[in-house]
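Here are the chains, one letter per residue:
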Amino acid sequence: MKKSQKKILRTILIEIGLIVVSIIILLPIFLALTMSLKKPAEVFVYPPKIFPNSFYIQNYVSAFNSINLGRLMLNSLIMGIIITLGKTVFGIFSGYAFSNFKFKGSSLLFAALFVTLFMPAEMIMIVPLFQIMQSFHWVNTYWALTIPFLASATTTFLMRQHFMTVPKELEDAAKIDGAGPMRFLFEILVPLSKSTIGGIAMINFVYAWNLYLWPLVVTNSNNMATAQIGLKMLTNVESTSNWGVIMAGTLMVLAPTLILFFAVQKLFVRGIITTGLKE
């Protein structure tokens, strides 16, 4: 077999493998979608039917109204935006500091930062963090939902690694032109890093949107609960008798992250490809 034929065959096998993996990943979402459009009586029909006899939109109405899902999703959106902005901005500054400045103890500080990546911080710090929020009277407020997550070791690490791939000649040229560190950061580094920043921001938003344990601990009213807590509330309200409503609520909570991914997927993929490449 010729090399060109082997290459074509390998490409075909890879494509088939990717299609199979994609089907496996998307199948639960597809089943949830079809179940959310079924009437309660159709969900437990045996043998089960994949497609509903008719589109039963009432499941979405019931899921939205039964637990005030709109308010819960708004809380998650506010929390997600604030956390994403905080993590991204602080990550850019701290990553720039670790990659472009040499100061006493910088290597030790970065090593300590790196070690924290392996620690389940949310589990270890949840009690002292709650006590701090309680002493500040921030329990059941947006402050408690967002402040503990405004900085991220992961974001700092990724931004530092990315900034280190930028040729040092750019910084030298900027210094010759009279540009200071902050001007070099905002006018050269940040525009060159849009793909990486976009990918990191999307990851941070998805992380914030999916937070469950911490919002559960620091909120004590339905008006401050988040969308993930809402799904648990919906499960309790509907029990296991109406999976159509539960699946409808799940898809509505899932939708913002899917929409965000499809909106910035080019930046996300480009950021993954270019991170770690040095010219």
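Let me sum up the structure you'll find in this document. (Residues numbered from 1 in each chain as written. Predicted model: local features only at pLDDT ≥ 70, side-chain atom pairs only at ≥ 80, totals over all residues. Heavy atoms only, no water.)

## Notes on the packing of helix H4 (residues 69-100) against helix H11 (residues 181-192)
Between two packed helices, both the angle of their axes relative to each other and the distance between the axes serve to describe the pair.
Here comes step 1: Where H4 contacts H11, the two axes come as close as 12 Å, and the packing angle between them is 110°. By the angle between their directions, the pair H4 and H11 is classed as roughly perpendicular. Here Ile92, Phe93, Tyr96 and Asn100 of H4 lie close against H11, whose contacting residues are Pro181, Met182, Phe184, Leu185, Phe186, Leu189 and Val190.
Here comes step 2: Residues of the contact of H4 with H11, tallied by class, amount to 10 nonpolar, 1 polar and no charged. (Axes fitted to C-alpha atoms, helices over the stretch in contact; angles between N-to-C directions. Helix = DSSP H or I, 4+ residues; strand = E, 2+ residues; numbered from the N terminus. Parallel < 35°, antiparallel > 145°, perpendicular 65-115°, else oblique. Contact = heavy atoms within 4.5 Å. Nonpolar A, V, L, I, M, F, W, Y, C, P; charged D, E, K, R; others polar.)

## Topic: helix H5 (residues 106-116)
Here comes step 1: Burial in H5 covers these residues: Ser106, Phe110 and Leu113. Projection of H5 onto a plane perpendicular to its axis shows the buried side chains occupying an angular sector of 60°, all on one side. Relative to its buried face, H5 has exposed residues pointing more than 90 degrees away, namely Ser107 and Leu108.
Here comes step 2: At its buried positions, H5 is contacted by H4 and helix H9 (153-163). (Buried < 20%, exposed > 50% of the residue type's maximum accessible area, 1.4 Å probe, protein only. Arc of directions from axis to C-beta.)

## What about H9?
Here comes step 1: Those residues of H9 lying buried are Thr155, Thr156, Met159, Arg160, His162 and Phe163. Within H9, the buried residues cover an arc of 165° as seen down the axis, which keeps them to one side.
Here comes step 2: For H9, the N-terminal cap is Ser152; the gap from its side-chain oxygen to the backbone nitrogen of Thr154 is 3.3 Å. (Polar contact = N/O pair within 3.5 Å; in protein donor to acceptor, adjacent residues only side chain to side chain.)

## A word on the packing of H4 against H9
Here comes step 1: The interhelical angle for the contact between H4 and H9, taken along N-to-C directions, is 50°, at an axis separation of 7 Å. By the angle between their directions, the pair H4 and H9 is classed as oblique. At the point where H4 passes H9, the crossing takes the right-handed sense. Counted together, Lys87, Thr88, Gly91, Ile92, Ser94, Gly95, Tyr96, Phe98, Ser99 and Asn100 of H4 and Thr155, Thr156, Met159, Arg160 and Phe163 of H9 form the full contact between these two elements.
Here comes step 2: Of the residues assigned to the contact of H4 with H9, the class counts are 5 nonpolar, 8 polar and 2 charged. (Left-handed = near helix turned anticlockwise from the far one by under 90°.)

## Overview of the environment of Ser152
Here comes step 1: As for its placement among the helices and strands, Ser152 is situated in the loop between helix H8 (142-146) and H9.
Here comes step 2: Distance in space between the C-alpha atoms of Ser152 and Gly91 is 6.8 Å, their sequence separation being 61 residues.
Here comes step 3: A polar side-chain atom of Ser152 sits 3.2 Å from the main-chain amide nitrogen of Thr155.

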